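Structure at a glance
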Amino acid sequence: MLEWERIARGAVNVEVEPHLREAVGSGRKLRVKLGIDPSSPDIHLGHTVVLGKLRDFQDLGHTAVLIIGDFTARIGDPSGQSATRRPLEEEEVEANAATYLEQVFKVLDRDTTDVRRQSEWFMGMELADVIRLAGKATLAQIITRDDFRKRLEANTTIGLHELLYPLMQGYDSVAVRADVELGGTDQLFNLLFARDVQREHGLEPQDVLTTPLLEGLDGKQKMSKSLGNYVGVTDAPAAMYGKLMSLPDELITRYMRLVTDIPESEVAKWEAGMKAGGNPRDAKAALARMVVQRFHGETAASPAEEAFQAQFKRGEVPDEVEERALAEGDRTVADALVELGLASSKGEARRLATQRGVRLNGETVEDAEAPYQPSSGDLWQVGKRRFVKVVAPAERS
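These remarks concern the structure in this document. Note that the coordinates shown come from a computational prediction; the quantities given were computed from them, not determined experimentally.

1. Digging into the overall build of the chain
In terms of regular secondary structure, the chain is built from 17 helices and 13 strands. A globule of 397 residues ought to have a C-alpha radius of gyration of about 21 Å, and the chain, at 23 Å, matches this closely. Its C-alpha atoms put the chain at 70 × 45 × 40 Å along the principal axes. Considering the chain as a whole, with its 397 residues, one finds that 48% of them fall into the buried category. A sequence separation of at least 24 residues applies to 71% of the contacts in the chain between residues at least 6 apart. Total accessible area computed for the chain in this model is approximately 18500 Å², and 49% of it derives from carbon and sulfur atoms. Placing the 51 positive and 64 negative side-chain charges of the chain at their respective mean positions leaves the two points 3 Å apart.

2. A few points about helix 4 (residues 90-104)
Helix length check: helix 4 (15 residues) gives 20 Å between terminal C-alpha atoms against 21 Å at 1.5 Å per residue, within 8%. Those residues of helix 4 not exposed but buried are V93, N96, A97, Y100, L101, Q103 and V104. Buried residues belonging to helix 4 abut strand 2 (31-36), helix 3 (45-59), strand 3 (63-68) and strand 4 (113-117).

3. Concerning the nonpolar core
Ranked by internal contacts, the top residues of the largest apolar core, which has 61 residues, are L45, L182 and Y255. At nine residues, helix 14 (residues 280-296) tops the list of elements feeding residues into this core. When near neighbours in sequence (up to four residues on either side) are disregarded, L182 contacts V32, K33, L34, V50, K53, L54, F57, L191 and L209.

4. Re the packing of aromatic side chains
Taken as a whole and assessed by the stated rule, the structure comprises six aromatic pairs. When the centroid spacing of 6.4 Å and the interplanar angle of 65° are considered together, the rings of W121 and F122 count as edge-to-face. In terms of burial, W121 and F122 fall into one category: buried. Ring geometry for F122 and Y171: centres 5.8 Å apart, planes at 40°, overall tilted. Taken together, the positions of F122 in helix 5 (residues 119-122) and Y171 in helix 9 (residues 160-175) put the pair 49 residues apart, joining distant regions of the chain. Just as F122 is buried, Y171 falls in that class too. Joined through ring pairs, the aromatic side chains of F71, W121, F122 and Y171 make up one cluster. Sitting above the plane of the Y230 ring, K243 keeps its charged end 4.5 Å from the centroid.

5. Structural notes on the packing of helix 3 against helix 14
Direction vectors running N to C along helix 3 and helix 14 enclose 70°, while the axes themselves pass 14 Å from each other. Judged by the angle between their axes, helix 3 and helix 14 are roughly perpendicular. In this structure, helix 3 uses L45, T48 and G52 to contact helix 14, whose residues at the interface are V291, R294 and F295. Of the residues contributing to the contact of helix 3 with helix 14, the split by class is three nonpolar, two polar and one charged.

6. Considerations on the side chain of Q206
Position of Q206 relative to the elements: it lies in the loop between helix 10 (188-200) and strand 6 (207-211). Ignoring any residue separated from it by four or fewer positions in sequence, one finds Q206 in contact with E15, S173, A178, D179, V180, E181, L191, A194, R195 and Q198.

Conventions we followed
- Residues numbered from 1 in each chain as written.
- Predicted model: local features only at pLDDT ≥ 70, side-chain atom pairs only at ≥ 80, totals over all residues.
- Heavy atoms only, no water.
- Helix = DSSP H or I, 4+ residues; strand = E, 2+ residues; numbered from the N terminus.
- Rg over C-alpha atoms; globule rule 2.2 N^0.38 Å.
- Buried < 20%, exposed > 50% of the residue type's maximum accessible area, 1.4 Å probe, protein only.
- Contact = heavy atoms within 4.5 Å.
- Areas by Shrake-Rupley, 256 points an atom, 1.4 Å probe, with all protein chains shown as cover.
- Lys, Arg positive; Asp, Glu negative; His and termini not counted.
- Charge placed at Lys NZ, Arg CZ, Asp CG, Glu CD.
- Expected span 1.5 Å × (residues − 1).
- Core = buried A, V, L, I, M, F, W, Y, C linked by side-chain atoms within 4.5 Å.
- Phe/Tyr/Trp six-rings, centres within 6.5 Å; stacked < 30°, edge-to-face > 60°.
- Lys NZ or Arg CZ within 6 Å of the ring centre and 35° of its normal.
- Axes fitted to C-alpha atoms, helices over the stretch in contact; angles between N-to-C directions.
- Parallel < 35°, antiparallel > 145°, perpendicular 65-115°, else oblique.
- Nonpolar A, V, L, I, M, F, W, Y, C, P; charged D, E, K, R; others polar.

Interpretation in functional terms is not warranted from these geometric data alone.
Quick look at the structure:
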């Protein structure tokens, strides 16, 4: 069944697979839920893995139910965390949600996406309602979650509010009557727990499908803006192309499978070609072009490729480029140039930019006061011969 092959591609966990397989092929229109906590304003390729799976369901005629976690974001999802995550203020959540949604629809079909907010059902709850909801779960169930268990064993503090997170996420599935819920592998406990919450409310439990967590450009840790190893979906075409060309060779076909929609047969050909001695650079260039096309269109891919070739294939960049780490956090271009040792002062940085002597990933930067968030693989150039490549600090975990 071609529909099931598309749904199953890249999936890690499927619960319950026979039931979901039958449902996908039944012709019934499913409500497929994905919850997002707008903890940051931007999305990157790591987010698009599960969003792409939701789009697969849409393309097969199902309804995407996208839940904005405007309540759970204020708690902070502890999944995979070794410490309590900072809750967000309401203003942060709203600002992040606005830009997040704008970017989400680079992947999803806006017309067949049902966007819901948790505040629709949680805002009207009274304390008695919360207590009744809490009565649907037990502490024993909650603390079986791996991250909670490890923190208990390490005698690390767990906030009582954190225990409510999976319960609230589970109730979302009740509120929207989800048939299926998607999430990354770090969400498996929450997604399965939601099945129990649905049963307690007299509903048929949802099926669950998880997708992999995408490694970042460093090839080691999960893609994350805070780690600087990400490719943002709103990155300029040349920057996007250049970042992907810095990807470790062993991740090329993994990215092809998870962030493009090319057939598995084509991925297998690239894989076989590299094993037979083919140049991974060719496969990486094909990947970079596909990703730029996906988010910026066909017309943007060729100029991005040309900009990269002008720098790297025509000898404009030396084979050995100094690498320097930048700590996370927003800064200006001038700040970055000083920190990277490319300018002795902010005044010099402003002069260099005004004279069009500064380039970032092949593009001229004229505004020294423009904001800059470091990303692993960024290539800074000052003048004709001074180059520095940004890497994520090694001490981060």
